[in-house]
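# Secondary and tertiary structure notes
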Amino acid sequence: MTILYNNDLSRDALASRRVCVLGFGAQGRAQALNLRDSGIDVVVGLREGSSRRDAALAEGLAVEEPADAIRSSHVVVVLVPDVAQPEVYRDVIAPSLREGGCLVFAHGFAIQYGRIEPRADLDVVMVAPMGIGEQVRAIYARGAGVPALLAVHQDATGEAMSIAQSYATANGHGHAGVIMSSFAEETETDLFAEQAVLCGGLHHLVTMAFETLVEAGYQPEVAYFCCLHEVRYMAEMMQRRGISRVRESISDIAEYGDYTRGPRVIGEESRAAMRAALAEIRDGRFTRELDARVNDVLPEGRRQAREHLLEEVGAKLRAGMPWLDED
Ligand SMILES: NC(=O)c1ccc[n+]([C@@H]2O[C@H](COP(=O)([O-])OP(=O)(O)OC[C@H]3O[C@@H](n4cnc5c(N)ncnc54)[C@H](OP(=O)(O)O)[C@@H]3O)[C@@H](O)[C@H]2O)c1
């Protein structure tokens with residue numbers, strides 16, 4: 001594994017090149033501001049009628065129509081949602097980006113699954129932050145940065161790697177570490193982690209534990225606190241210290257339950273399900289299914305989640321804890 005820090009990364013490639021950040025959402029805002037504060041000439045490309053135009057202008061950023069912003073730039077950072085990227089590439093980027101220009105992605109999905117086939121003359125790189133947009137900006141503003149994965153998909157000019165490294169440095173990633181990766185590794189591990197741990201695994205684990213306590217006659221409010229509310233403190237401790245040191249700071253009773261009951265709850269059946277989910281991601285079955293079913297599955301999943309007792313109880317209890325949003 002190669003991990004590079006500020007002193008290892010080449011920085012200069014963006015010094016003389018304008019960067020167009022397409023989109024001003026979670027990552028677009030964070031990265032446009034970080035680049036600007038790193039001294040890069042940056043312009044934000046926003047479509048006509050964008051509700052975020054005023055916010056970008058209020059931050060002192062230059063804003064132009066996407067095609068104009070792309071034409072005046074050497075590098076285009078594609079920070080619109082992954083599902084919108086193929087259309088944006090086809091209709092706006094491909095006709096406007098200069099020959100030998102560079103495309104930067106923050107996630108490999110559109111390239112990895114062949115939804116965008118970039119022009120052969122372009123450099124195509126990925127600088128994928130290991131953090132949500134808010135963190136990418138807030139941690140940069142503290143003089144540090146979140147880690148990132150870096151990859152080159154297409155090196156048409158021989159400069160793809162130096163542009164990617166310069167971009168990673170300007171976005172603050174060199175403080176925490178830039179891991180050399182590939183579009184396949186980033187995309188497949190990111191989808192897998194969402195499914196197995198961060199979204200699918202965690203949400204279903206919490207919901208099922210809550211249901212188990214309520215079904216056994218315990219008060220839903222108590223079940224909410226111990227199965228959902230306290231996850232945050234454990235997750236933060238795990239991030240700061242790692243699992244073995246968290247175990248040293250919990251009680252002996254909690255630690256005994258961890259070793260003996262944890263593997264029953266998440267056992268070999270879960271491992272088999274994880275392996276199956278990973279295989280579906282890698283061979284494309286997941287994305288084909290996504291295309292066919294996403295418009296049915298999302299509305300129904302959201303309806304069920306909204307109507308669950310966990311939400312009713314949670315909304316009531318969170319109303320008494322406004323400090324949760326401030327932390
Ligand atoms: N969310 C994260 O923290 C995070 C973390 C790591 C990586 N990423 C990656 O970063 C990339 C951007 O994700 P994001 O979550 O930052 O996106 P997002 O917040 O949903 O992006 C919103 C922006 O995209 C623009 N947009 C949406 N659809 C568009 C279209 N069809 N044509 C033109 N502009 C369009 C919106 O334009 P308007 O202003 O006109 O509405 C808005 O400015 C993705 O590749 C994602 O996987 C995101």
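A word on the environment of Glu236. Mapped onto the secondary structure, Glu236 falls in helix H12 (residues 231-241). What makes Glu236 partly exposed here is its relative accessible area of 33%. Between the alpha carbons of Glu236 and Val246 there is a distance of 10.0 Å; along the sequence they are 10 residues apart.

Looking now at helix H11 (residues 220-229). Of the positions making up H11, those classed as buried are Ala223, Tyr224, Cys227 and His229. An end-on view of H11 places all buried positions within 160° of arc, on one side of the element. Elements in contact with the buried residues of H11: helix H10 (200-215), H12, helix H17 (309-319) and helix H18 (323-326).

Attention now moves to the nonpolar core. By size, the foremost hydrophobic cluster in this structure holds 34 residues, and its most contacted members are Val19, Val21, Leu35, Val75, Val77, Val104 and Tyr167. For this core, the elements supplying multiple residues, two or more each, are strand S2 (19-22), helix H1 (26-37), strand S3 (42-45), strand S5 (75-78), strand S6 (102-105), strand S7 (123-129), strand S8 (148-154) and helix H7 (160-170). The element that contributes the greatest number of residues to this core is H7, accounting for 6 residues.

Moving on: the domain arrangement of the protein chain. Entries for the protein chain in the domain assignment read domain 1 (3-181) and domain 2 (191-326). Computed from C-alpha atoms alone, the centre-to-centre distance between domain 1 and domain 2 is 32 Å.

Next up on the list: the pairing of S3. Neither face of S3 is exposed, since Val42 and Val44 on one face and Val43 and Gly45 on the opposite face are all buried. Inspection of the sheet shows S2 paired to S3 by 4 bridges, in the parallel sense. Its bridge partner lying in S3, Cys20 is registered against Val43. With H1 bridging S2 and its parallel neighbour S3, the resulting β-α-β unit is right-handed. In terms of strand pairing, S3 meets strand S4 (residues 62-64) through 3 bridges, oriented parallel. Paired with Gly45 across the bridge in S4 is Glu64. Since S3 and S4 lie parallel, the crossover through helix H2 (residues 53-58) that links them has a hand, and here it is right-handed.

The rules behind each value
- Residues numbered from 1 in each chain as written.
- Predicted model: local features only at pLDDT ≥ 70, side-chain atom pairs only at ≥ 80, totals over all residues.
- Heavy atoms only, no water.
- Helix = DSSP H or I, 4+ residues; strand = E, 2+ residues; numbered from the N terminus.
- Buried < 20%, exposed > 50% of the residue type's maximum accessible area, 1.4 Å probe, protein only.
- Arc of directions from axis to C-beta.
- Contact = heavy atoms within 4.5 Å.
- Core = buried A, V, L, I, M, F, W, Y, C linked by side-chain atoms within 4.5 Å.
- Domains from an automatic or database assignment.
- Pairing = 2+ DSSP bridges.
- Right-handed = clockwise from strand over helix to strand, strands pointing away.

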